[in-house]
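Take a look at the letters that make up each chain.
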Amino acid sequence: MSWHPQYRSSKFRHVFGKPASKENCYDSVPITRSVHDNHFCAVNPHFIAVVTECAGGGAFLVIPLHQTGKLDPHYPKVCGHRGNVLDVKWNPFDDFEIASCSEDATIKIWSIPKQLLTRNLTAYRKELVGHARRVGLVEWHPTAANILFSAGYDYKVMIWNLDTKESVITSPMSTISCHQDVILSMSFNTNGSLLATTCKDRKIRVIDPRAGTVLQEASYKGHRASKVLFLGNLKKLMSTGTSRWNNRQDNLSVPLMEEDLDGSSGVLFPFYDADTSMLYVVGKGDGNIRYYEVSADKPHLSYLTEYRSYNPQKGIGVMPKRGLDVSSCEIFRFYKLITTKSLIEPISMIVPRRSESYQEDIYPPTAGAQPSLTAQEWLSGMNRDPILVSLRPGSELLRPHPLPAERPIFNSMAPASPRLLNQTEKLAAEDGWRSSSLLEEKMPRWAAEHRLEEKKTWLTNGFDVFECPPPKTENELLQMFYRQQEEIRRLRELLTQREVQAKQLELEIKNLRMGSEQL
């Protein structure tokens, strides 16, 4: 057994799980009782979608994120499948579009209206028909728009291009037919150029999704893999599964590390946060969430601690990073499906910090909601990393337009060529302001960011506060009040920063005048 030091220097050593209060949970939700090993839940900054029980076909619920509390028993459903819904996934580049797959061997794409649903939604935007048997998994491409992957019980992975006018698509762009049994999970690397799959034949495959060829294949005699995950840009795979003795295992690319967790028979769902290098392992059928820190060096996987609960989870949903509450140092958020209580319980993973200001070190630039490739660009063979955004309240895209990797990103504070200076002057003229070249050279970096923050002071984490519907209950009124108080506190901090910046600018102008007088 490998020795681990008792204490490690890590900013995430004291991360803890904080369950939401009863009034901030989603109660009386008829969660599906399907035995399929899927998440059954998908979340984005606007909605939570959960697969539900429905007579005469398959359906799922789409609940606005702010609509917590007890759910109306007659709440409208999204229904149109003739068989049970097995998986749902939100489009990462459109918060109002969701894909669902079903036992009826079809995939449907739905457009969710911005206003609340008043009756069942049965009109889908697109229907994808191509699988011969039921479809168990759907995954959106992480960087290309309108590219969807589906895996069926016909042992095939199909790639669909949704950038067409047809409402019913009967032929995929390509089909991957290298699997010999049912596909259990799919995972993309950061730029979507590689696809990893686990299969019931106990093999893990790394596939070129465009060519459909298997680049690497691995199987381990003592490890029956059920889920696989790319670990960001570490060039490593992590798989979870069971051993021949039914011990659940956490397996990092077999030769590197293997860890036995417990003797439960439930599936382990892994989630990797590339921004913090943290791995979360959620066990189906138990209430625990274990989390680790992943590194490129040995021992590769360092156990931090675990969140414990007596309520077993049937499935789990994860909020994208752009939907987190950065003011409370939240670095991850789960939505736990508790079938025994018909409850969806949010669990926030918090880094304890005393300061209430924005913590830059735990929120590096993260993938935003803008694709870096079109469907045709990706199909033609291009690869690009995701477009990054800052989670700082009021911030804009770090790179508003996708650029080739070899092209340098323009920095207005660095020495620039005459051509770039001309572009800067042109932008300055459009914005209606000019500054002397001397002040421009002496201007600190935060002064350049001042204008960017002013443009979106009404935005918090990319969400327009004016789009929030009026409260209908006392609970919603309290939530809106707390949000307003938080916004007032943030604006006060911003005002204090502006006053400090103004004083610093006054001092710099005074110094410049004294220097010019001496000359």
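To be clear, the structure that these remarks concern was listed above.
Quantities reported herein were computed from a predicted structural model and do not represent experimental measurements.

Overview of the overall build of the protein chain
- The helix and strand inventory of the protein chain stands at five helices and 35 strands.
- Considering the protein chain as a whole, with its 519 residues, one finds that 47% of them fall into the buried category.
- Put simply, of all contacts in the protein chain between residues at least 6 apart along the chain, 52% involve residues at least 24 apart.
- Of the roughly 26,900 Å² of accessible surface on the protein chain, a fraction of 53% belongs to carbon and sulfur atoms.

What about the sheet that holds strand β3 (residues 41-43)?
- Taken in spatial order, the four strands line up as β3-β4-β5-β7 in an open sheet, and their pairing is antiparallel. Each edge of the open sheet is held by one strand with a lone partner, namely β3 and β7 (78-81). Recorded for the sheet is a direction-independent mean angle of 20 degrees between the axes of neighbouring strands.
- Sheet topology note: the strand β5 (residues 58-64)/β7 ladder contains three bridges and is antiparallel. Across the sheet, residue F60 finds its bridge partner in β7, namely V78.

Some thoughts on the sheet that holds strand β16 (residues 174-176)
- What the four strands build is an open sheet, ordered β12-β13-β14-β16; its pairing is antiparallel. The sheet terminates laterally at β12 (135-140) and β16, the two strands that pair on one side only. Going across the sheet, the axis of each strand differs from the next one's by a mean of 20 degrees, ignoring polarity.
- Summarising the sheet, β12 and strand β13 (residues 147-152) pair through five bridges and their orientation is antiparallel. The residue bridging E139 from the neighbouring strand is F149, located in β13.

So, unusual backbone geometry
- One non-glycine residue, S28, adopts positive backbone phi at about 60 degrees.
- Mapped onto the secondary structure, S28 falls in the loop between β2 (26-27) and β3.
- We classify S28 as partly exposed; its relative accessible area is 27%.
- Unlike most non-glycine residues, Y155 shows phi in positive territory, near 70 degrees.
- Checked against the element boundaries, Y155 lands in the loop between β13 and β14 (157-161).

Focus on the pairing of strand β31 (residues 343-350)
- For β31, the tally of buried residues reaches eight of eight residues, placing the bulk of the element in the interior.
- By the bridge criterion, four bridges tie strand β1 (residues 16-19) to β31 in an arrangement that is antiparallel. Note on β31: the bridge partner recorded for P19 is I347.
- When β2 meets β31, the two strands line up antiparallel, connected through two bridges. Paired with Y26 across the bridge in β31 is I344.
- Summarising the sheet, strand β30 (residues 330-338) and β31 pair through eight bridges and their orientation is antiparallel. Across the sheet, K336 pairs through a bridge with E345, a residue of β31.
- Between β30 and β31, which pair antiparallel and follow one another directly, the connecting turn spans four residues, one of which, S342, has a positive phi of 50 degrees.

Re the pattern of salt bridges
- Tallying each qualifying case throughout the model produces 22 salt bridges.
- The shortest N-O distance in the salt bridge between R353 and D361 comes to 2.9 Å.
- A salt bridge links R392 to E360, with the nearest nitrogen and oxygen atoms 2.6 Å apart. Taken together, the residues span a long stretch of sequence, with R392 in the loop between β33 (388-389) and α2 (418-431) and E360 in the loop between β31 and β32 (366-367) at a distance of 32 residues.
- Using a relative accessible area of 31% as the deciding quantity, one classes R392 as partly exposed.
- Shared partners join several salt bridges into a network, and the residues in it are D201, K203, R205 and E217.

Digging into the packing of aromatic side chains
- Within this structure, the stated rule accounts for 14 aromatic pairs.
- On the numbers, 6.1 Å between centres and 85 degrees between planes, the contact of W110 with Y124 is edge-to-face. Of the two residues, W110 is situated in strand β10 (residues 106-111) and Y124 in the loop between β10 and β11 (126-129); the sequence distance between them amounts to 14 residues.
- For W110, a relative accessible area of 0% gives the class buried.

About the criteria used
- Just so you know, the residues in each chain are numbered from 1, in the order the chain's sequence is written.
- The predicted nature of this model means local features are confined to residues of pLDDT at least 70 and side-chain atom pairs, given and counted, to a pLDDT of 80 or more, with totals for whole chains, interfaces and linings taken over all residues.
- Excluding hydrogens and water, the side-chain values take into account all heavy atoms of the structure.
- In this description a helix means any DSSP run of H or I spanning at least four residues, a strand means any run of E spanning at least two, and both kinds are numbered starting from the N terminus.
- For every residue, the accessible area obtained with a 1.4 Å probe (protein chains only) is divided by the maximum for its type, and the residue is called buried under 20%, exposed over 50%, and partly exposed between those limits.
- Contacts: residue pairs with any heavy atoms within 4.5 Å of one another.
- Method for areas: the Shrake-Rupley scheme with a 1.4 Å probe, in which residue coverage is limited to the protein chains shown.
- By definition, two strands form a pair when at least two bridges between them are found by DSSP.
- Axes here mean lines fitted to C-alpha atoms, for a helix over just the part in contact, with angles spanning 0 to 180 degrees between N-to-C directions.
- Criterion for a salt bridge: a side-chain nitrogen of Lys or Arg within 4 Å of a carboxyl oxygen of Asp or Glu.
- Between 30 and 60 degrees the pair is tilted, below 30 it is stacked and above 60 it is edge-to-face, where a pair is any two Phe, Tyr or Trp rings, Trp via its six-membered ring, whose centres lie within 6.5 Å.

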